[in-house]
Number of protein chains: 2
Amino acid sequence: MAGIEEVAKLAGVSTATVSRALSGNGSVSQATKLKVDAAAEQLGYVVSSNASSLASGRTKNIGVVVPFLNRWFFSTVLEGAQQALLRDGYDITLYNLAGDGAERHSVFEHFLLRQRVDAVIAISLELTADEVSRLHRLKKPLVGVGGPIPGVRTLAVDDTAVARLATGHLIALGHRRIGHIGGVLELDVDFHLPSNRRVGYESALRDAGLDVDPALFRPADFTIQGGYQAAKQLLGSPYGRPSAIYAASDEMAIGAILAAKDLGLSVPRDVSIIGIDDHDLAEFFGLSTVAQFPRAQGEKAVQMLMEELHPERHDPVQSSIALPFELVVRSSTATPSAE
Amino acid sequence: MAGIEEVAKLAGVSTATVSRALSGNGSVSQATKLKVDAAAEQLGYVVSSNASSLASGRTKNIGVVVPFLNRWFFSTVLEGAQQALLRDGYDITLYNLAGDGAERHSVFEHFLLRQRVDAVIAISLELTADEVSRLHRLKKPLVGVGGPIPGVRTLAVDDTAVARLATGHLIALGHRRIGHIGGVLELDVDFHLPSNRRVGYESALRDAGLDVDPALFRPADFTIQGGYQAAKQLLGSPYGRPSAIYAASDEMAIGAILAAKDLGLSVPRDVSIIGIDDHDLAEFFGLSTVAQFPRAQGEKAVQMLMEELHPERHDPVQSSIALPFELVVRSSTATPSAE
DNA sequence: ATGAAAGCGCTAACAT
DNA sequence: ATGTTAGCGCTTTCAT
């Protein structure tokens, strides 16, 4: 393990100059920079992040906190963030809050606060006021993705508008009885999106002069399984069967498609189905959906943090950003067939 | 940010004693330990990981390298590892090698070597000899999960045996024409499992005195989509249609189930299908499979690293471990129907 | 543009 | 069992 001193010796300069040359902070002549780079290269020198962090107070490391890893949305945001950070020379330290409150507590008490990170990205996590204020007190920039955190800059699609768009699509096709598979309320206190996605649905119905029928709502857990079961119940009833279903996530929508098939119903002839997300599998299932772009969300979160961490290098921070979303019509939605 | 000095002052001891009391290294009387703990608690003191790492040479941080994040196997291993590490007070720094070689190169050149980690877990990644030797030179323990790395302790199920078990199950049911959906060879140089899973299939066939018919093999990319397309081709042919399909992953097997349905074939009456993994969705689809336990694999990888990092605290290292796997019979496999 | 030197906040000998 | 002290390997003033 070559140290900075050896590089300095080989390049014939002081360690201070090596540090400046390699980090880009402070001015170094073109000529010496070249010498230093060559020496570092030759020795295979890599800075010790610990020594560097200790001396500078910067860790070049971002903490990312997620509630789950094995869900498409989270892992995709994470991937986007990771790639953006890699470009800026940052590492990611991952905190997975799956599990009980004890785990969560320990993450905050002992891990995040260890000064191992320069900033934190919280994905779909509603942090408590206490957790937020601790981070603030440490002057760690914090940005949320996909879930509103009070007092924190958050990157999230307008869930109500998204829901209205999905529902509106069905209404525009002529559907009048539109079922909704939404989130379980008890589950996932961290999510507000289930209720927002329901609010948008209801407002779209009302705007179209349609009644909101509570019998047409089924809660589920955002999984394919959950969507399947909810859809079976919705579609099983011979009387009030909806001609269309709007599910609050693509995974649940896919479950609904499978349920319809198993009931012998044809999609979209007998029932139209739309989801939200544009999940990897949506295309395969021909699922109409409202796309959000989690990978881009991850990248944008990084960009926001970089602006806070390096104000000099960036244009002024835009405090609030409207995230894009987009209706994607595939083959799971169509005009309702004549009764 | 309270420092160790303030804690020492408050507790009325030296910083060395605080360090010992809090870390558990070195001996401290019960009484002073209590005092120190109280003082630290009162001040909200948390050690600076950088200062600690710099002084001790230990980072309490493990690097985890994965090729993808949004695949069930990887994220599940990662989750298992994360949870195990949390218990031991370790953080995870995540390196995602998705993307091109440049990214991979930069991960190794500049990230892993920054001395930010005490050890590395490589998931389903075949590291080059050069990459391995660099890690070795740095004396960083390295363990692989799910993919064989030459010269490195690897945790992996015996893929050949697993494949033989899956195929054997079909043979035992009486199937004679057994198709196989396996990995694309060009894709994923990092995986050897596709070929091992094919070798096991072929050897099971031969053991049973059955011919290996190359027409019954289709490559796919380990996704549901890929499995669907491969299965359509396998099942579409009216002549040589296999009575059973063994897919090298559950995701591909699920694709095969969907393909069978779309072709109007009933599973398992017209065709039996088995996969490998015991994916989250396997139960939902009634998929018979050979379960491996990725979460446990992640935990075990951590355990191995801990044994290397803290030999004193652990029983002697078992160098090689046979990982468990288990046939799970659900409703996608059955005796072939009479011709 | 470059160098000298004082820390960054801890840990680990070494003493006692 | 506890204190003293010398670093760990850098970055960053402050000079020049």
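Residues numbered from 1 in each chain as written. Chains lettered and ligands numbered in written order. Predicted model: local features only at pLDDT ≥ 70, side-chain atom pairs only at ≥ 80, totals over all residues. Heavy atoms only, no water.

As annotated in an unreviewed UniProt entry, chain A carries the name LacI family transcriptional regulator and is attributed to Microterricola gilva.

**Q** What am I meant to see in the protein's contact with DNA strand C here?
**A** Surrounding DNA strand C, one finds 23 residues, the nearest of these being A:Thr17, A:Arg20, A:Ser27, B:Ser19 and B:Arg58. Within 4 Å of the protein, the atoms of DNA strand C are drawn from sugar and phosphate moieties in a proportion of 71%. Taking A:Ser29, its main chain carries an N or O atom lying 2.8 Å from a phosphate oxygen of DNA strand C. Here B:Ser19 contributes a side-chain N or O atom positioned 2.5 Å from a phosphate oxygen of DNA strand C. Counting residues per element, the ones that place at least two in the surface near DNA strand C are helix H2 (15–23) and helix H4 (49–56) of chain A together with helix H2 (15–23) and helix H4 (49–56) of chain B. Sort the elements by how many residues they give to the surface near DNA strand C and H4(B) lands first, with four residues. Tallied by class, the residues present in the surface near DNA strand C amount to 10 nonpolar, 10 polar and three charged. (Near = heavy atom within 4 Å. Polar contact = N/O pair within 3.5 Å; in protein donor to acceptor, adjacent residues only side chain to side chain. Helix = DSSP H or I, 4+ residues; strand = E, 2+ residues; numbered from the N terminus. Nonpolar A, V, L, I, M, F, W, Y, C, P; charged D, E, K, R; others polar.)

**Q** Where do I start with the relation of the copies chain B and chain A in this structure?
**A** Put simply, the second copy of the chain is the first one after a rotation about an axis and a shift along it. Its rotation angle being 180°, the transformation that places chain B on chain A also includes 0.0 Å of axial translation and leaves an RMSD of 0.1 Å. Here the copies are linked by what is in effect a two-fold axis. A share of 100% of interface residues in chain B that are also interface residues in chain A marks the association as one of identical surfaces. (Least-squares fit on C-alpha atoms with pLDDT ≥ 70 in both. Contact = heavy atoms within 4.5 Å.)

**Q** Looking at this structure, I do not really get the protein's contact with DNA strand D. What am I missing?
**A** Close contacts around DNA strand D come from 23 residues, with A:Ser19, A:Arg58, B:Thr17, B:Ser27 and B:Thr32 the closest. Counted by atom, the contact set of DNA strand D within 4 Å of the protein is 65% sugar and phosphate. A:Tyr45 places a polar side-chain atom, nitrogen or oxygen, 3.1 Å from a sugar or linking oxygen of DNA strand D. Here a phosphate oxygen of DNA strand D sits 2.6 Å away from a polar atom, N or O, in the side chain of B:Ser27. Those elements that provide at least two residues to the surface near DNA strand D are H2 and H4 of chain A together with H2 and H4 of chain B. For the surface near DNA strand D, the element with the highest residue contribution is H4(A), accounting for four residues. A per-class count over the surface near DNA strand D returns 10 nonpolar, 10 polar and three charged.

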